[in-house]
Amino acid sequence: MDPIESDIQATFRKLFHNEPLLVRSPGRINLIGEHTDYNDGFVMPAAIDKEVVFGIAPSETSTSVIYSVKYNERFVVDIKNPVKTDKPKWVNYLLGVLYQFVQQGHQVKPFNCVFGGDIPIGAGLSSSAAVECGFAFALNELNQLNVPKVKLITMAQWAEHNYAGVKCGIMDQFASVMGKEGHVIVLDCRSLTHRYSPIDLQDYVIILCDTKVKHSLVDSEYNTRRNECEQGVSILKKHYPFVKSLRDATTDMLEKHRDEFPAKVYNRCLYIIQEIQRVQEASADLEAGDLSAFGKKMYETHYGLSKLYEVSCKELDFLVDESKKFDAVLGSRMMGGGFGGCTINIVRDNAVEEFTNHLKSAYKKAFSIDMVTYKVKVRAGTSVVLPSGVTVR
Ligand code: GLA
């Protein structure tokens, strides 16, 4: 068991005086394919070695309690009617999941639950998806409901839409639950068919650079981007009735009807259509071991996200620009929803120290903020933690 798992187990024993079932659920990275998930496109995420851990057991009374280690706060849950609450906000991710179980007619017994982990919040590593997915998985196990994983994923996404208010795509929840050690997931977000591609980075590693900023626009702008894409679809649909999402569109179609598009909507659509295509090419690069071609595409993605899709920010742009000074960096781009969080970088292992030292000091000079870096490993998706520390899926 890792230290977080033992901590959650110990806290649970102390608070509730019995043995919990332990479930871990990881955060995610995304190599390429940003904002394509809700446009029915492709993404290439992977689950990482940062996780949230749940300890859960049946309650001996009719009361259900959830305790957050991070906030050192407990919340008594009405399991028959888990409505959204104004305070505390953290509990809504769990209440939304529970609501889905109740609404779908599953029998959930009263429970006690403790959770906590090491996924930094606001860093774009999907801590909220990990919480939703881990809790859904834990409820499913505890009550032996046999809800299939794909269903748990959509239940978790529902919680994000309706209890957290972000109309996210499926990528984060899918990656958290379905991740596989040493592999990226190449996911078709339309059909949810996916394959695992071994991540062989030769003498390169994945470094995340955390800007430590999260601009407040993030949720509202996310939903706005979704609407702008839908607006683009409705313009194209008039000419091409088969276009159900930007997945079905081409740049030729867009160019032909450019005059009908508000400039912003045109730019949003152009980025998405190019990015969907780029993921497919990038996945071929990765499989062929052509890391330098893959890295170039990461830079192209960043350019599109910054200039056409406009979800970057000066801090992210700065880090990506600085990375270009290093031959040892194959690719760098903002990752996730945007407006802060991390950049993802493919860096030669023997140059990591030089690279991170340089970025830290340049970033501090420019923004007076201490940047943090994470060297991430690719791990398995949500799973039960056996007492011996062996995990099963
Ligand atoms: C957030 C959302 C995802 C996805 C990314 C951008 O992480 O939760 O569904 O849209 O942004 O790729």
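Just above sits the structure.
Our subject in this report is the structure included herewith.

Cut-offs and rules
- Residues numbered from 1 in each chain as written.
- Predicted model: local features only at pLDDT ≥ 70, side-chain atom pairs only at ≥ 80, totals over all residues.
- Heavy atoms only, no water.
- Helix = DSSP H or I, 4+ residues; strand = E, 2+ residues; numbered from the N terminus.
- Buried < 20%, exposed > 50% of the residue type's maximum accessible area, 1.4 Å probe, protein only.
- Axes fitted to C-alpha atoms, helices over the stretch in contact; angles between N-to-C directions.
- Parallel < 35°, antiparallel > 145°, perpendicular 65-115°, else oblique.
- Left-handed = near helix turned anticlockwise from the far one by under 90°.
- Contact = heavy atoms within 4.5 Å.
- Near = heavy atom within 4 Å.
- Polar contact = N/O pair within 3.5 Å; in protein donor to acceptor, adjacent residues only side chain to side chain.
- Areas by Shrake-Rupley, 256 points an atom, 1.4 Å probe, with all protein chains shown as cover.
- Nonpolar A, V, L, I, M, F, W, Y, C, P; charged D, E, K, R; others polar.

**Examining unusual backbone geometry**
With an omega of -10 degrees, the peptide bond between Lys87 and Pro88 qualifies as cis. Structurally, Pro88 can be placed in the loop between strand E5 (73-77) and helix H2 (92-103). If you check the backbone angles, Gln144 has positive phi at about 45 degrees while not being a glycine. Look at Gln144 and you get exposed, because its relative accessible area is 68%.

**A short note on the packing of helix H4 (residues 149-163) against helix H5 (residues 171-178)**
Two elements in contact, H4 and H5, have axes whose closest approach is 9 Å; the angle formed by their N-to-C orientations is 140 degrees. Comparing the axis directions of H4 and H5 gives the class oblique. The hand of the H4/H5 crossing is right-handed. Of H5, the residues touching H4 (which contributes Lys149, Ile153, Ala156, Gln157 and Glu160) are Gln173, Phe174, Val177 and Met178.

**As for the site of the ligand**
In the neighbourhood of the ligand, the contacting residues comprise Arg28, Glu34, His35, Asp37, Tyr38, Cys168, Gly169, Met171, Asp172, Tyr222, Gly336 and Gly337. Between the ligand and His35, the relevant distance is 2.6 Å, taken from an oxygen atom to a main-chain nitrogen or oxygen of the residue. In this structure, an oxygen atom belonging to the ligand sits 3.3 Å away from a main-chain N or O atom of Gly337. Within the complex, the protein chains bury 92% of what would otherwise be the 310 Å² of accessible surface of the ligand. Tallied by class, residues from the shell around the ligand come to 4 nonpolar, 4 polar and 4 charged.

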